[in-house]
Amino acid sequence: MGGWRDMSAEALEDQYSPSRWSPRLDRDTIIDAHLAVTAAGTERARASAQTSLHVPYGKGDGEKLDIYFPTDHSGTFPVLVYIHGGYWQCLSPQLAPTAPGPHSLSASLFPSKDESGFAAPPLVSQGVAVVAVGYDTAPRGHMDTMVLQVRRSLAFLVEQYPEIRGIYLCGHSAGAHLAAMVLFTDWTEFHVVPDIKVPLPSGAVLVSGVYDLEPILHTYVNDALNMSREVAQRNSPMRHVAPAVPAACEVLVVVAQHDSPEFRRQSQEYSQALRAAGWSVSLLDLASVDHFDVIEKLSENSYILTQVILNMISRA
Ligand SMILES: N[C@@H](CC(=O)c1ccccc1NC=O)C(=O)O
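Only a predicted model underlies this, so the values are computations on that prediction, with no experimental measurement involved.

(A) View of the overall build of the protein. Along its length, the protein carries ten helices and eight strands. What you see for the protein is a C-alpha radius of gyration of 18 Å, in line with the 20 Å of a compact globule of 316 residues. Each principal axis of the C-alpha distribution contributes one length, and for the protein these read about 55 × 45 × 40 Å. A buried classification covers 55% of the 316 residues belonging to the protein. Restricting to contacts in the protein with at least 6 residues of sequence separation, those with at least 24 account for 76%. Each charge class in the protein can be summarised by its mean position, and for the 22 positive and 34 negative side chains these summaries are 3 Å apart.

As structure tokens, then:
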């Protein structure tokens, strides 16, 4: 069992507050800066790529996705599906860097699919489409619903876009958790399996994620999520590591040097568990980045993670 059980409430709260661990920016400005950088990157991506925005993949208001098409998309193309983070919620006062008040309820203070296209430019120029998936964050969405929505968004893409040849998943923080939940989906429930000749997804890049939700139950993060222990366990990828099937996808678990020790432990333990179950998994520990710029830098062509992702896709 993890050492988190012996931590004080304060220490645990610290460990699960990524903004407190960056040597680059202080805790009161880093989330604002993260949103500004990802919003500006998304604006650049929308100005340069051909897009289909707010495409509904289900009936719910939050069930929309944005597609950034590759520069040349006359034939088939691979897709990187990006799942944003933000601790699965949009109302926690501690997620907002400013004091609680009407201002802190503004949607722009929380990551959403609308600031999640920043990784597109280096990928679309290499023939890879990028899809930013929206999902219903808490308090509107329940953890089970978010997992279901992300799974459904993939089934939708496979069905609607026959020109897609290979879906790669990339999630950040809470989004890495959702991506990891997709790895053990029973696709027969989504009626897509008979047509699938490649595994779904073909590869997964899990960046600074949480794979055991139990510690979160004891922190402010659960104020908006309201998870019971049962919900947290049912939605913990760490508890569902199944033996790899022959066509199982390649998994890259990425963690930042300046992620908290608990976040770093979670990535280490999850990647080890997958490896022990026969999965093809690598743990990439990136130097000189924190919980936020580890993902922001995907807007840069020369960033090591951008190159690793392009490499994973081109090897398929
Ligand atoms: N309250 C958190 C905020 C946070 O975790 C977060 C903010 C923006 C994007 C991703 C985040 N983390 C996980 O999804 C913190 O202290 O950093």
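(B) Layout of the packing of aromatic side chains. For the structure on display, the rule yields eight aromatic pairs. Ring plane angle 75° and centroid distance 6.4 Å describe the contact between Phe156 and Tyr161, whose orientation is recorded as edge-to-face. Exposure class is identical for Phe156 and Tyr161. Each is buried. Measuring from centroid to centroid gives 4.4 Å for Tyr211 and Tyr270, while their planes differ by 15°, and the two rings are stacked. Residue Tyr211 is located in the loop between β6 (203-207) and α6 (221-225), and its partner Tyr270 is located in helix α8 (residues 261-276); the two are separated by 59 residues in the primary sequence. Joined through ring pairs, the aromatic side chains of Tyr87, Trp88 and Tyr220 make up one cluster.

(C) Quick look at the site of the ligand. Among the 15 residues in the neighbourhood of the ligand, the closest are listed as Ser19, Gly86, Tyr87, Ser173 and Tyr220. One of the side-chain nitrogen or oxygen atoms of Ser19 is found 2.6 Å away from an oxygen atom of the ligand. Note that an oxygen atom of the ligand is positioned 2.7 Å from one of the backbone N or O atoms of Gly86. Partitioning the shell around the ligand into residue classes produces eight nonpolar, seven polar and no charged.

(D) Layout of the pattern of salt bridges. Per the counting criterion, the structure on display carries 17 salt bridges. Of the charged contacts in the structure, one is a salt bridge between Arg24 and Asp293, with a shortest N-O distance of 3.3 Å. Here Asp293 lies in helix α9 (residues 293-296) and Arg24 lies in the loop between α1 (9-15) and α2 (30-48), a separation of 269 residues in the sequence. For Arg24, a relative accessible area of 37% gives the class partly exposed. For Arg234, the salt bridge is made with Asp144, and the minimal N-O distance between the two is 2.6 Å. Here Arg234, found in helix α7 (residues 229-234), pairs with Asp144, found in helix α4 (residues 143-160); they are 90 residues apart in sequence, far enough to count as distant.

(E) Expanded view of the side chain of Arg265. You can see Arg265 is positioned in helix α8. Residue classification places Arg265 among the buried positions, given a relative accessible area of 16%. Arg265 has contacts with Trp4, Tyr16 and Pro215, leaving out every residue within four places of it along the chain.

(F) Structural context of the sheet that holds strand β3 (residues 77-83). With mixed pairing, the eight strands of this open sheet are ordered in space as β1-β2-β4-β3-β5-β6-β7-β8. If you trace the sheet from one side to the other, it starts and ends with β1 (51-56) and β8 (281-286), each paired once. The sheet shows a mean angle of 20° between the axes of neighbouring strands, taken without regard to direction. Relative to strand β5 (residues 164-172), β3 runs parallel, the two sharing six bridges. The partner of Tyr82 across the bridge, within β5, is Cys170. Contacts from α2 reach β1, β2 (64-68) and β5 within the one sheet, and its direction differs from that of β2 by about 60°. Against the sheet, helix α5 (residues 174-182) makes contact with β3, β5 and β6, and its axis sits at roughly 135° relative to β5, the strand it touches most.

(G) Broad picture of the pairing of strand β4 (residues 129-133). With five of five residues buried, β4 is to be regarded as a mostly interior element. Here β4 shows a buried face lined by Ala129, Val131 and Val133 and a second buried face lined by Val130 and Ala132. Here β2 runs beside β4; their pairing, made up of four bridges, is antiparallel. Each residue of the ladder has a partner; that of Leu65, found in β4, is Val133. As judged from the five bridges shared by β3 and β4, these two strands associate in the parallel manner. Bridge pairing in β4 places Ile83 opposite Val133.

Criteria and thresholds
Residues numbered from 1 in each chain as written. Predicted model: local features only at pLDDT ≥ 70, side-chain atom pairs only at ≥ 80, totals over all residues. Heavy atoms only, no water. Helix = DSSP H or I, 4+ residues; strand = E, 2+ residues; numbered from the N terminus. Rg over C-alpha atoms; globule rule 2.2 N^0.38 Å. Buried < 20%, exposed > 50% of the residue type's maximum accessible area, 1.4 Å probe, protein only. Contact = heavy atoms within 4.5 Å. Lys, Arg positive; Asp, Glu negative; His and termini not counted. Charge placed at Lys NZ, Arg CZ, Asp CG, Glu CD. Phe/Tyr/Trp six-rings, centres within 6.5 Å; stacked < 30°, edge-to-face > 60°. Near = heavy atom within 4 Å. Polar contact = N/O pair within 3.5 Å; in protein donor to acceptor, adjacent residues only side chain to side chain. Nonpolar A, V, L, I, M, F, W, Y, C, P; charged D, E, K, R; others polar. Salt bridge = Lys/Arg side-chain N within 4 Å of Asp/Glu carboxyl O. Pairing = 2+ DSSP bridges. Axes fitted to C-alpha atoms, helices over the stretch in contact; angles between N-to-C directions.

These results come straight from atomic positions and should not be treated as a statement about function.
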